[in-house]
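Architecture and fold: a report
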Amino acid sequence: MATNECSEPANVDISKINVGQGEGYNKKCIFCKVVNNEMGTELLHVDEEVSCFRDIKPGAPHHYLVVPTRHVGNCKSLSKEHVSLVEKMVEIGMEILQKNNVLDLSDVRFGFHWPPFCSVSHLHLHVLAPASQMGFMSCLFYRPNSYWFVTADQLIQQLNSKGETN
């Protein structure tokens, strides 16, 4: 059984990053509260753009959520301008996996639940590994390119095609 012993809390002075109650903070959003250190959740990564923490209902031995540090709605609300944010979220997800000794990056799953199948309306990337150790229900919940779950690559492709004429 894999453990997350190698995960270390982010060595960041969160007081310099805290969004606070102003712009980019939704007081009703649980992920805004997590990122703002109001919930006591261990943050594995925090910077100006994105934050990362463990999923409270893990679907794999390693299951992390990478979220924008400031409130951003679900993936349906994104535009082409958000591609760099999504790419940064994937990059941080990879870094967290590597810090936790997940070296087989071919056995991972990165993706987003598509509305209305999101439990929290704050953009969040699911980072799961190893995908081969996911249970039956997790394989359903995090099924790539289904009606309810899109991979990060698929979302980036959709965002890049926005604004193009068909």
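The structure contained in this document is the topic of the report that follows. (Residues numbered from 1 in each chain as written. Predicted model: local features only at pLDDT ≥ 70, side-chain atom pairs only at ≥ 80, totals over all residues. Heavy atoms only, no water.)

**A few points about empty space enclosed by the protein**
Under the defined criterion, the tally for this structure stands at one cavity of 30 Å³ or more. Taken as a whole, the largest cavity holds about 50 Å³ of empty space. Taken together, N74, C75, F112, H113, C118, V120, S121, H122, L123 and H124 make up the full set of residues lining the largest cavity. The residue makeup of the lining of the largest cavity, split by class, is five nonpolar, five polar and no charged. (1 Å grid on protein atoms, 1.4 Å probe; cavity = no way out; pocket = protein on both sides within 12 Å on 5 of 7 lines; lining within 4 Å. Points joined across faces, edges and corners; volume = space filled by probe spheres on them. Nonpolar A, V, L, I, M, F, W, Y, C, P; charged D, E, K, R; others polar.)

**Looking at the pattern of salt bridges**
If the charged atoms of two oppositely charged side chains come close together, the side chains can form a pair. The final tally for this structure, using the stated rule, is three salt bridges. Where R54 meets E42, a salt bridge forms, and the shortest distance between an N and an O atom there is 2.5 Å. Residue R54 is found in strand β2 (residues 50-54), and its partner E42 is found in the loop between α1 (30-35) and β1 (43-46); the two are separated by twelve residues along the sequence. The partly exposed category is assigned to R54, whose relative accessible area is 21%. Owing to a relative accessible area of 31%, E42 belongs among the partly exposed residues under this scheme. Two residues, K88 and E49, come together in a salt bridge whose shortest N-O distance is 3.3 Å. Note that K88 is positioned in helix α2 (residues 83-99) and E49 in the loop between β1 and β2, a separation of 39 residues in sequence. (Salt bridge = Lys/Arg side-chain N within 4 Å of Asp/Glu carboxyl O. Helix = DSSP H or I, 4+ residues; strand = E, 2+ residues; numbered from the N terminus. Buried < 20%, exposed > 50% of the residue type's maximum accessible area, 1.4 Å probe, protein only.)

**Some points on the sheet that holds strand β5 (residues 125-129)**
Strand order in the open sheet formed by six strands is β1-β2-β3-β5-β4-β6, with antiparallel pairing between adjacent strands. In this open sheet, the two edge strands, each paired with only one partner strand, are β1 and β6 (149-151). When strand polarity is set aside, the average angle formed by the axes of neighbouring strands in this sheet is 25°. Relative to β2, β1 runs antiparallel, the two sharing three bridges. Bridged to L43 within β2 is F53. Those strands touched by α2 are β1, β2, β3 (62-68), β4 (109-113) and β5, and its axis lies near 150° from that of β3. Helix α4 (residues 152-161) rests against β4, β5 and β6 of the sheet, and its axis sits at about 80° to β6. (Pairing = 2+ DSSP bridges. Axes fitted to C-alpha atoms, helices over the stretch in contact; angles between N-to-C directions. Contact = heavy atoms within 4.5 Å.)

**Concerning the environment of G135**
Checked against the element boundaries, G135 lands in the loop between β5 and α3 (136-141). Residues G135 and G59, 76 residues apart in the sequence, show an inter-C-alpha distance of 7.2 Å.

**Some details on the environment of F31**
Mapping F31 onto the fold places it in helix α1. Considered as a pair, F31 and T69 are 38 residues apart in the sequence and their alpha carbons are 8.8 Å apart. Apart from the residues within four sequence positions on either side, F31 is in contact with F53, L65, V67, V120, H122 and H124.

**Description of the layout of surface pockets**
Of the volumes computed, that of the largest pocket is approximately 470 Å³. Contributing to the lining of the largest pocket are 23 residues, with D55, I56, K57, L65 and S119 lying nearest its centre. Only α1, β2 and α3 provide two or more residues apiece to the lining of the largest pocket. With three residues, α1 is the largest single contributor of residues to the lining of the largest pocket. Counted by class, the lining of the largest pocket contains 13 nonpolar, seven polar and three charged residues.

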